[in-house]
Amino acid sequence: FDVCYKDEAVVVVNKPCGLASQPMKDGRRSHLHGLVQAAYGYAGLHHRLDTPASGLMLFTLQKQYNAAIAEAFRTHNIQRTYQCVVVGELKQPGSWNQEIDGKRAVTHYKPLATAEGMSLIEATLETGRTHQIRVHSAHAGHPIVGDRRHGGAAGSLWPRLALHAAQLSFAHPKTRAPITVT
């Protein structure tokens, strides 16, 4: 994994596509949490990315910072920005507001580029449900390219899920200084 930001309290790493964020039920696969723990001795896991997704993940490096980071995620004070390629040409920014598993779920999106019947979009989460961007985009008729679980025919358009956690913004748990990692 690539380290994108590190200090005594936290580390932000770039998770590669295909690597699980945390231990899987079978316990046999390598996972990012274990790799970060092996590198730094301790790593507090506070969020996850789907195995086929790539992008930025934040870990605490000392237990004393767990509560602040956990609370920031719980209250949505950590901004996560994703980039993904979806089927169809989205021309205007918008929001997807469909409930997921009976819970409120809101994804905001902004088109960045369109070509060949696809759009590169930037997505931000107002809520954080499992597979939220994947479910919302598929339900809206714009599945993510390479999404074999929710994307139907779009799952075969690329060999991997075209979803990347591109930016994290948060208040440092020790200094409260704003940190943005891209």
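Residues numbered from 1 in each chain as written. Predicted model: local features only at pLDDT ≥ 70, side-chain atom pairs only at ≥ 80, totals over all residues. Heavy atoms only, no water.

A few words now on a nonpolar patch on the surface. Taken together, Phe1, Val3 and Leu35 make up a surface patch of nonpolar side chains, about 230 Å² in accessible area. With respect to the helices and strands, the residue Phe1 is situated in the segment before strand 1 (2–6). (Patch = residues over 30% accessible without salt bridge, like charges linked within 9 Å, V, L, I, M, F, W, Y side chains within 5 Å. Areas by Shrake-Rupley, 256 points an atom, 1.4 Å probe, with all protein chains shown as cover. Salt bridge = Lys/Arg side-chain N within 4 Å of Asp/Glu carboxyl O. Helix = DSSP H or I, 4+ residues; strand = E, 2+ residues; numbered from the N terminus.)

Moving on, we come to the nonpolar core. Where a protein is soluble and globular, its nonpolar side chains tend to be buried together. Counting 26 residues, the largest nonpolar core has Phe59, Ile144 and Leu163 as its most contacted members. Secondary structure elements with two or more residues in this core: strand 2 (10–15), helix 1 (32–40), strand 4 (54–60), strand 5 (79–87), strand 8 (118–125) and strand 9 (163–171). If one sorts the elements of this core by residue count, strand 5 sits on top with three residues. The contact partners of Ile144, leaving out residues within four places of it in the chain, are Cys84, Val85, Val86, Ile133, Arg134, Ser137, Ala154, Leu161, Ala162 and Leu163. Listed in part, the 14 residues of the second largest apolar core include Ala9, Val10, Tyr65 and Val181. (Core = buried A, V, L, I, M, F, W, Y, C linked by side-chain atoms within 4.5 Å. Buried < 20%, exposed > 50% of the residue type's maximum accessible area, 1.4 Å probe, protein only. Contact = heavy atoms within 4.5 Å.)

Tallied over the full model, the rule gives seven salt bridges. The salt bridge partner of Asp50 is Arg134, with a shortest N-O separation of 2.7 Å. Within this pair, whereas Asp50 is found in the loop between strand 3 (44–45) and strand 4, its partner Arg134 is found in helix 3 (residues 132–139), the two being separated by 84 residues in sequence. Overall, the relative accessible area of 5% leaves Arg134 in the buried class. Here Lys91 and Glu89 are joined by a salt bridge, their closest N and O atoms 3.3 Å apart. By relative accessible area, Lys91 is classed as exposed at 57%.

This part takes up the side chain of His33. Structurally, His33 is set in helix 1. On the basis of relative accessibility, which here comes to 13%, the residue His33 falls in the buried class. A distance of 2.7 Å separates the side chain of His33 from the backbone oxygen of Ala43, its partner in a polar contact. Other than its neighbours up to four places away in sequence, His33 contacts Ser21, Gln22, Ala43, Leu45 and Phe59. (Polar contact = N/O pair within 3.5 Å; in protein donor to acceptor, adjacent residues only side chain to side chain.)

A few words now on the pairing of strand 10 (residues 178–181). Side-chain alternation along strand 10 places Ile179 and Val181 on a buried face and Pro178 and Thr180 on a face that remains uncovered. Of the strand pairs in this sheet, strand 9 and strand 10 are connected by four bridges, and their pairing is antiparallel. Within the sheet, the bridge partner assigned to Ser169 lies in strand 10 and is Thr180. Between strand 9 and strand 10, which pair antiparallel in sequence order, lie six residues; one of them, Arg176, sits at a positive phi of approximately 70 degrees. (Pairing = 2+ DSSP bridges.)

Right, let's get into the pairing of strand 5. In terms of strand pairing, strand 5 meets strand 9 through six bridges, oriented antiparallel. Directly across from Thr81, in strand 9, lies its bridge partner Gln167. As judged from the seven bridges shared by strand 5 and strand 8, these two strands associate in the antiparallel manner. Considered in strand 8, the bridge of Cys84 is made with Ile121.

This paragraph deals with the environment of Leu61. The residue Leu61 is located in the loop between strand 4 and helix 2 (66–74) in this model. The buried category is assigned to Leu61, whose relative accessible area is 12%. For the pair Leu61 and Gln37, spaced 24 residues apart in the sequence, the C-alpha separation amounts to 8.8 Å. Apart from residues lying up to four places away in sequence, Leu61 is in contact with Lys6, Asp7, Glu8, Ala9, Val10, Val11, Tyr40 and Tyr42.

Right, let's get into the environment of Thr107. As for its placement among the helices and strands, Thr107 is situated in strand 7 (residues 107–115). Under the relative-accessibility criterion, Thr107 is labelled buried at 0%. Note: C-alpha distance between Thr107 and Ala53 (54 residues apart in sequence) is 17 Å. Setting aside chain neighbours within four positions, we find Thr107 in contact with Gly94, Ser95, Trp96, Ala123, Thr124, Leu125, Gln132, Ile133 and His136. Polar side-chain contacts of Thr107 include one of 2.8 Å to the side chain of Gln132.

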